[in-house]
Amino acid sequence: MKTKKRKVGIIVAIVFIVVVLLGALLFDFFYGNNQDKWVAKEVSTAAELQKGGTNIKLTNDIDFGGEVFEAIEVNNFDGGGYTISNAIITSSQLLTAASFFSCVGGTVQNVTFKNITVSAEDVPYAAVVLAYPTQYSSFGTVDEIIFNNVHVIDCTITLQQNGNEATTYVGGILGSGTAVRQSSTDNSFWHKSDDMKKIIRNSSVQNLQMTVNGFDPESDGTYVIGEDIYVGGLSGSADEITNCKVTDCNISVTSYQRFSDPYVGGAVGLLSNSGESFGCIIKGNILNVRASNYRHVSLTNQYETSTIYLGGLFGASGSDGNISYCNIDSNSFSAYCAGAYYLGGIGGSVSKNISQSRVVNNTFNGVGLLDGEDKYGDPWTRNIGGISASSAVVTFSSSFTYGNTMKTILSLDPGESSDPTGSAVGFSKTNQSAIFINCATGINELEAGTTDEFATAALENITQCYVTQDIYGNEQQLTIINESDWLSQDSIVSLLKLSGDLWQFRSGALPDIQ
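Residues numbered from 1 in each chain as written. Predicted model: local features only at pLDDT ≥ 70, side-chain atom pairs only at ≥ 80, totals over all residues. Heavy atoms only, no water.

Counted by the stated rule, this structure contains eight salt bridges. Close ionic contact of Lys407 with Glu447 constitutes a salt bridge, the shortest N to O distance being 4.0 Å. Residue Lys407 is found in strand E45 (residues 405–410), and its partner Glu447 is found in strand E50 (residues 445–447); the two are separated by 40 residues along the sequence. Given a relative accessible area of 34%, Glu447 falls into the partly exposed group. One network of salt bridges, in which partners are shared, links Lys283, Asp329, Arg358 and Asp512. (Salt bridge = Lys/Arg side-chain N within 4 Å of Asp/Glu carboxyl O. Helix = DSSP H or I, 4+ residues; strand = E, 2+ residues; numbered from the N terminus. Buried < 20%, exposed > 50% of the residue type's maximum accessible area, 1.4 Å probe, protein only.)

Below, the structure written as structure tokens:
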């Protein structure tokens, strides 16, 4: 009798285990993020797409013909290589954001968004594809969201704050920040979370026209100390960007409030702690950032203002992580600020290692709009750096700048003469303990209060680094190489230890990253 009961117990246990495993497999099959396992609803028309669904796969191009599209929730979305075009998206649908998707549970892939117009008013999030990732959704808890082979072409994003005091995130593909919905039925209350990874791979943004205007307190007489603004060609913030391109975009950001710091980058406004970037190209873009609001706080020359962080790849970065094979080419960066600004070829403020990267043929303009000090009585920092305008103790290796124009001036009134101010350096404004190995600057033009071909700090750890001229100073007493060395593959590879398949070498041209 005991043996029979034991057998029954074993059978029940086995059945229970099988049911649990089968349930887990079925859940992963239908809802998991593995793209090879998706069971997707096939969609071929605008009407079908507007209905949304758990997992969707396009089987045709979809043209909305200038109609308004109401954002949809999906778990996973596969565009099948097709294009979604000519849709209008407004913030009237989501109330907190404006984008094509209101929620994504896993992956968006293999899709092009063309000629999409996004109009957001008084909301903190906006993007063409997804304005904000939600950690809690109808698909369960989301730990990671991936955009793979997603392309945004000829789109427009306009965001206007009219009193919203939330931190703002705007990007071509993803707005970002992470919001946590309080429950599956309550959209009213949100708070930020940094637990979800936001990943963008093999994607691009081309000819995006983006305008982001913060709340103007003078418009209604309201006294407001603002929240920060994060804007990027790909995303306002992200954890990984790999093999991505941002080309021919025009990005304009205006902060009207004090302490509303704009973080603006060709790719992302903020690259997170432990965030990584590999193989990204930022080319032919125009980025203009303005933060002119101020308040006189003493009888002396002290003011409250905002600070601009502007860079080719990102405005600023969190600590840890690596940047490699980054190509910042032929862009225009301008900062107009009452207070401090940091303009860098890769980042305004850098806290990550940088290797195998180039910054060439860019224009950097910094304009100080006020002559004075911050509220603590310290002079404002107004820096431009070929790679970075400020950095932590990180390692720079096998990277170079060439053909850039850097100018930082004080211009109190339009039309009046201006004076050089701040600092401009060919490579990096940095912590003196940062490490430099096999780096170089070429023929750059600098105009500022203080200048140097490489760096003004007395660097403690610099090995085999070079300049091509000493017109603007050579504090490090670096070896001067010839212009001909740049055009010789053997010479420049030997000097800078350039390596990897992404480097392209052509006779009579600078080493390029494609």
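You can see Gln356 is positioned in the loop between strand E38 (353–355) and strand E39 (358–360). Residue class for Gln356 comes out buried when judged on its relative accessible area of 9%. Of note is the side chain of Gln356, whose polar atom sits 3.1 Å from the backbone nitrogen of Ser499. A distance of 2.7 Å separates polar atoms of two side chains, one belonging to Gln356 and the other to Trp503. Gln356 has contacts with Ser324, Tyr325, Cys326, Ser397, Ser398, Ser399, Lys497, Leu498, Ser499, Trp503 and Ile513, leaving out every residue within four places of it along the chain. (Polar contact = N/O pair within 3.5 Å; in protein donor to acceptor, adjacent residues only side chain to side chain. Contact = heavy atoms within 4.5 Å.)

To continue, consider the sheet that holds strand E30 (residues 302–304). Spatial ordering of the open sheet is given by E29-E30-E41, a layout of three strands whose pairing is mixed. In the strand order of this sheet, the two ends are held by strand E29 (295–296) and strand E41 (373–374), each with one partner. Two elements, E30 and E41, share two bridges in a ladder whose sense is parallel. When the bridges of E41 are listed, Gln302 appears paired with Glu373. (Pairing = 2+ DSSP bridges.)

This part takes up the side chain of Asp228. Relative to the elements of secondary structure, Asp228 occurs in the loop between strand E20 (209–213) and strand E21 (229–232). Here the side chain of Asp228 touches Asp261 through a polar contact of 3.0 Å, landing on its backbone nitrogen.

To continue, consider the sheet that holds strand E42 (residues 382–385). The parallel open sheet is built from 10 strands, whose spatial order is E6-E10-E15-E21-E25-E31-E36-E42-E47-E51. The outermost strands of the open sheet, each flanked by one partner alone, are strand E6 (97–98) and strand E51 (450–452). Summarising the sheet, E42 and strand E47 (residues 423–425) pair through three bridges and their orientation is parallel. Note that in E47 the partner of Asn383 across the bridge is Ser423.

Moving on, we come to helix H4 (residues 489–496). The set of residues buried in H4 consists of Ser491, Ile492, Leu495 and Leu496. Along the axis of H4, the buried residues cluster in a sector spanning 100 degrees; they form a single face. Buried residues along H4 sit in contact with strand E44 (400–402), strand E49 (440–441), strand E53 (466–467) and helix H3 (483–486). Trailing H4 by a residue or two, Lys497 shows a phi angle of about 55 degrees, which is positive. (Arc of directions from axis to C-beta.)

The two faces of the sheet receive side chains in turn, since in a regular strand these alternate between them. For E20 and strand E24 (residues 250–255), the ladder comprises five bridges, and the chain directions are parallel. What sits directly across from Asn213, in E24, is Thr254. Bridge count between E24 and strand E28 (residues 286–291): six bridges; the pairing is parallel. What sits directly across from Thr254, in E28, is Arg290.

One can find Ser277 in strand E26 (residues 268–278). With relative accessibility at 2%, the residue Ser277 sits in the buried group. Between the C-alpha atoms of Ser277 and Cys244, which are 33 residues apart in sequence, the distance is 9.1 Å.

Phi is positive for Asn115, which is not a glycine, with a value near 55 degrees. Looking at the secondary structure, you find Asn115 in the loop between strand E8 (107–114) and strand E9 (117–121). Positive phi is not limited to glycine here, since Asn207 has a value of about 55 degrees. Checked against the element boundaries, Asn207 lands in the loop between strand E19 (204–206) and E20. Take Asn207: its relative accessible area is 30%, and that puts it in the partly exposed class.

It is worth spelling out the nonpolar core at this point. Leu49, Phe101 and Leu313 are the most contacted members of the largest nonpolar core, which totals 100 residues. Membership of the second largest hydrophobic core comes to 16 residues, among which are Tyr303, Ala316, Ala338 and Tyr342. (Core = buried A, V, L, I, M, F, W, Y, C linked by side-chain atoms within 4.5 Å.)

Under the criterion given, the structure shown has 24 aromatic pairs. Note on Phe64 and Phe100: the rings are 6.3 Å apart at their centroids and 70 degrees apart in plane angle, and the pair reads as edge-to-face. With Phe64 in strand E3 (residues 62–68) and Phe100 in the loop between E6 and strand E7 (101–104), this pair connects stretches of sequence that are 36 residues apart. A relative accessible area of 0% means that Phe100 is categorised as buried. With a centroid separation of 6.0 Å and 10 degrees between ring planes, the pair formed by Tyr125 and Tyr169 is classed as stacked. With Tyr125 in strand E10 (residues 125–127) and Tyr169 in strand E15 (residues 168–171), the pair connects residues that are 44 residues apart, well separated along the chain. (Phe/Tyr/Trp six-rings, centres within 6.5 Å; stacked < 30°, edge-to-face > 60°.)

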